[in-house]
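Examining the three-dimensional arrangement
Listed below, chain by chain, are the residues.
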Amino acid sequence: MILVTGGAGFIGGNFVLDWLKVPENEGIINLDKLTYAGNLATLDSLKKDQRHIFIHGDIGNQALVTKLLNDYQPRAIINFAAESHVDRSIHGPAEFVNTNIVGTFNLLECARKYWNSLQEKAKVNFRFHHISTDEVYGSLSATDPAFTETNPYEPNSPYSASKAASDHLVRAWFHTYGFPVVRTNCSNNYGPYHFPEKLIPLVILNALNDKLLPIYGDGQQIRDWLYVGDHCSAIREVLTKGKLGETYNIGGWNEQANIDVVKTICRILDKLKPRADGQSYDQQITFVKDRPGHDRRYAIDASKVERELGWRPAETFDSGIRKTVQWYLDNPVWIEGVVSGSYRDWLQKQYN
Ligand code: NAD
Ligand code: DAU
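First, a word on scope: everything that follows refers to the structure included in this document. (Residues numbered from 1 in each chain as written. Chains lettered and ligands numbered in written order. Predicted model: local features only at pLDDT ≥ 70, side-chain atom pairs only at ≥ 80, totals over all residues. Heavy atoms only, no water.)

Some thoughts on the packing of aromatic side chains
For the coordinates displayed, the defined rule picks out 23 aromatic pairs. Geometrically, the ring pair formed by Phe-126 and Phe-179 is tilted, given 6.1 Å between the ring centres and 45 degrees between the ring planes. Placement of Phe-126 in the loop between helix 5 (120-125) and strand 5 (127-133) and of Phe-179 in the loop between helix 6 (158-177) and strand 6 (181-186) is noted, with a sequence separation of 53 residues between them. A single burial state applies to Phe-126 and to Phe-179, both of which are buried. Relative to Trp-334, the ring of Tyr-328 lies with its centre 6.4 Å away and its plane at 80 degrees, an arrangement referred to as edge-to-face. An identical accessibility class is assigned to Tyr-328 and Trp-334; each is buried. Clustering of aromatic rings is evident, with ring pairs tying together Tyr-114, Trp-115, Phe-126, Phe-128 and Phe-179. Sitting over the ring of Trp-346, Arg-88 keeps its end group 4.5 Å from the ring centre. Positioned above the aromatic ring of Trp-115 is the side chain of Lys-123, whose terminal nitrogen or guanidinium carbon lies 4.7 Å from the ring centre. (Phe/Tyr/Trp six-rings, centres within 6.5 Å; stacked < 30°, edge-to-face > 60°. Helix = DSSP H or I, 4+ residues; strand = E, 2+ residues; numbered from the N terminus. Buried < 20%, exposed > 50% of the residue type's maximum accessible area, 1.4 Å probe, protein only. Lys NZ or Arg CZ within 6 Å of the ring centre and 35° of its normal.)

Side note on the site of ligand 1
Taken together, the neighbourhood of ligand 1 is formed by 28 residues, with Ile-11, Asp-32, Ser-84, Tyr-159 and Lys-163 sitting nearest. Here an oxygen atom of ligand 1 and a backbone polar atom of Thr-35 are 3.0 Å apart. Counting only elements with at least two residues in the shell around ligand 1, the list comes to helix 1 (10-20), strand 5 and helix 6. Here the shell around ligand 1 is built from residues that sort into 12 nonpolar, 12 polar and four charged. (Near = heavy atom within 4 Å. Polar contact = N/O pair within 3.5 Å; in protein donor to acceptor, adjacent residues only side chain to side chain. Nonpolar A, V, L, I, M, F, W, Y, C, P; charged D, E, K, R; others polar.)

With respect to helix 11 (residues 317-330)
Along an α-helix, residues three or four apart share an orientation, since each turn contains 3.6 residues. Between its first and last C-alpha, helix 11 extends 20 Å over 14 residues, near the 20 Å set by a 1.5 Å rise per residue. Among the residues of helix 11, those classed as buried are Phe-317, Gly-320, Ile-321, Thr-324, Val-325, Trp-327 and Tyr-328. Along the axis of helix 11, the buried positions cluster into a sector of 155 degrees, meaning they face one direction only. Residues of helix 11 that are buried make contact with strand 7 (189-190), helix 7 (199-208), strand 10 (226-227), strand 12 (255-257), helix 9 (258-272) and helix 12 (332-338). (Expected span 1.5 Å × (residues − 1). Arc of directions from axis to C-beta. Contact = heavy atoms within 4.5 Å.)

Notes on the sheet that holds strand 2 (residues 28-32)
Spatial ordering of the open sheet is given by 3-2-1-4-5-6-11, a layout of seven strands whose pairing is parallel. A strand with exactly one partner marks an edge of an open sheet, and here the two such strands are strand 3 (52-56) and strand 11 (247-250). In this sheet, neighbouring strand axes are inclined to one another by 20 degrees on average, regardless of whether the strands run parallel or antiparallel. One ladder, built from six bridges, connects strand 5 with strand 6; its direction is parallel. The residue bridging Ile-131 from the neighbouring strand is Thr-184, located in strand 6. The strands that helix 8 (residues 228-241) touches are strand 4 (76-79), strand 5, strand 6 and strand 11; relative to strand 5, the one it contacts most, it runs at about 145 degrees. (Pairing = 2+ DSSP bridges. Axes fitted to C-alpha atoms, helices over the stretch in contact; angles between N-to-C directions.)

Things to note about a nonpolar patch on the surface
A contiguous nonpolar patch, built from Val-97, Val-102 and Phe-105 and spanning about 240 Å² of accessible area, is present on the exposed surface. Mapping Val-102 onto the fold places it in helix 4 (residues 94-116). Relative accessible area serves as the criterion here: at 45%, Val-102 is assigned to the partly exposed category. (Patch = residues over 30% accessible without salt bridge, like charges linked within 9 Å, V, L, I, M, F, W, Y side chains within 5 Å. Areas by Shrake-Rupley, 256 points an atom, 1.4 Å probe, with all protein chains shown as cover. Salt bridge = Lys/Arg side-chain N within 4 Å of Asp/Glu carboxyl O.)

Quick word on the side chain of Thr-99
Inspection of the secondary structure puts Thr-99 in helix 4. Assessed through its relative accessible area of 9%, Thr-99 is described here as buried. Excluding residues within four positions of it along the chain, Thr-99 makes contact with Ile-59, Ala-81, Ala-82, Glu-83 and Thr-104.

A look at the site of ligand 2
Taken together, the neighbourhood of ligand 2 is formed by 23 residues, with Asp-134, Tyr-159, Asn-188, Arg-291 and Tyr-351 sitting nearest. Ser-84 places a polar main-chain atom, nitrogen or oxygen, 2.7 Å from an oxygen atom of ligand 2. Contact with the protein chains hides 95% of the accessible area of ligand 2, taken as 690 Å² for the molecule alone. Those elements that place two or more of their residues in the shell around ligand 2 are helix 7 and strand 8 (213-216). Sort the elements by how many residues they give to the shell around ligand 2 and strand 8 lands first, with three residues.

Topic: the nonpolar core
Phe-15, Ile-78 and Ile-265 are the most contacted members of the largest nonpolar core, which totals 55 residues. What Ile-265 contacts, discounting residues up to four positions off in sequence, is Ile-200, Val-203, Ile-204, Ile-321 and Val-325. Within the second largest apolar cluster, 23 residues are counted, among which are Leu-108, Cys-110, Leu-118 and Trp-173. (Core = buried A, V, L, I, M, F, W, Y, C linked by side-chain atoms within 4.5 Å.)

Focus on the pattern of salt bridges
For the structure shown, the criterion picks out 20 salt bridges. Asp-71 is the salt-bridge partner of Lys-67, the closest N and O atoms lying 2.7 Å from each other. Of the two residues, Lys-67 and Asp-71 are both situated in helix 2 (residues 62-72); the distance of four residues between them amounts to about one turn of the helix. When its relative accessible area of 47% is taken as the criterion, Asp-71 is described as partly exposed. Arg-312 is paired through a salt bridge with Glu-306; the nearest N and O atoms lie 3.4 Å apart. Linked through salt bridges whose partners overlap, the residues forming this network are Lys-33, Asp-58 and Glu-95.

The structure is reproduced here in structure tokens:
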């Protein structure tokens, strides 16, 4: 077995689905707290797959995590569980400290005790894979080179500070205890099952619902977009071939200004589902108050994972964003399930 945490969320859910598509792969214990961002509907297709064991619980629950490790004896842990939305971290940082820092600490401690109890062969094969973000490196100017694995950590938001802290814990557990870890720091993901608080799914759904498309500030902030299936394939490579104690940057060499991403989505929707009045969806774009402390540019230098592990993304932004828009058009039931009362409350709070 492998233990996946946060596997009912966006990236964890895609990872679990992709992993279990391969009949030879071992089973997954999926530990998820089912916060507003966790959604069992994402995992609907696995209802009859006995290799998927879903456990509703918190990575911060020591007794539960210890019991799961002892009962299922996983050969690896992949830690996706986190509070992940920068804007929410600005409104309420406490949950980010609880899950991202204290929760990761708890998971590391339980896993270390479990690892110490293993027989020699299982001990040598075990690994703890921590999923992190490019945001820990801070913000780049237009001319700075892309982030490499040796960039200093300069997090600017409560979210990225909490992820940076968790990365430091993971690193320290390797150096101090010899605990077998690998880390991956990825750029912005997009694709199916993405919760519509994040830019790309928010814009697709607002466009289709005749709502405004909110662009923070001048819309010239740059993000480096990677299709979620490519992130998942990179994680599989690192899990299998990554060197213990190392970190690998994952990205798609695809920097785009926010305003350009939004205009691309509008153009795709204009073709796939034209507005009744024949106008372009870009009529709905509106510039709103900027995010406090908004990082200007992220860019990932993915040469290390390409050179050392031979990983490459399969999708271009053009192919990935088309697939993504089509997925949201084809999956109204999943969408209805996530745009509940609490989602509407969030939109009201954030966009007034
Ligand atoms: P998400 O918010 O969609 O999903 C997070 C999942 O974790 C949810 O299912 C939630 O219920 C679960 N969770 C939250 N707190 C938990 C807890 N205490 N115990 C157990 N489960 C808990 O997030 P995502 O976008 O899928 O991100 C997954 C990971 O990847 C995070 O660690 C994030 O920092 C990192 N990451 C995300 C991106 C991105 O673009 N989305 C890019 C790079 C790295
Ligand atoms: O870089 C990796 C990170 O990418 C992950 O670690 C985070 O978990 C993930 O949420 C994402 O963070 P961002 O803040 O970059 O993603 P978000 O989709 O929230 O915003 C993308 C850009 O779009 C950012 O510059 C803010 C802007 N934006 C966002 C929203 C929600 C808008 O202009 N308008 C919006 O309404």
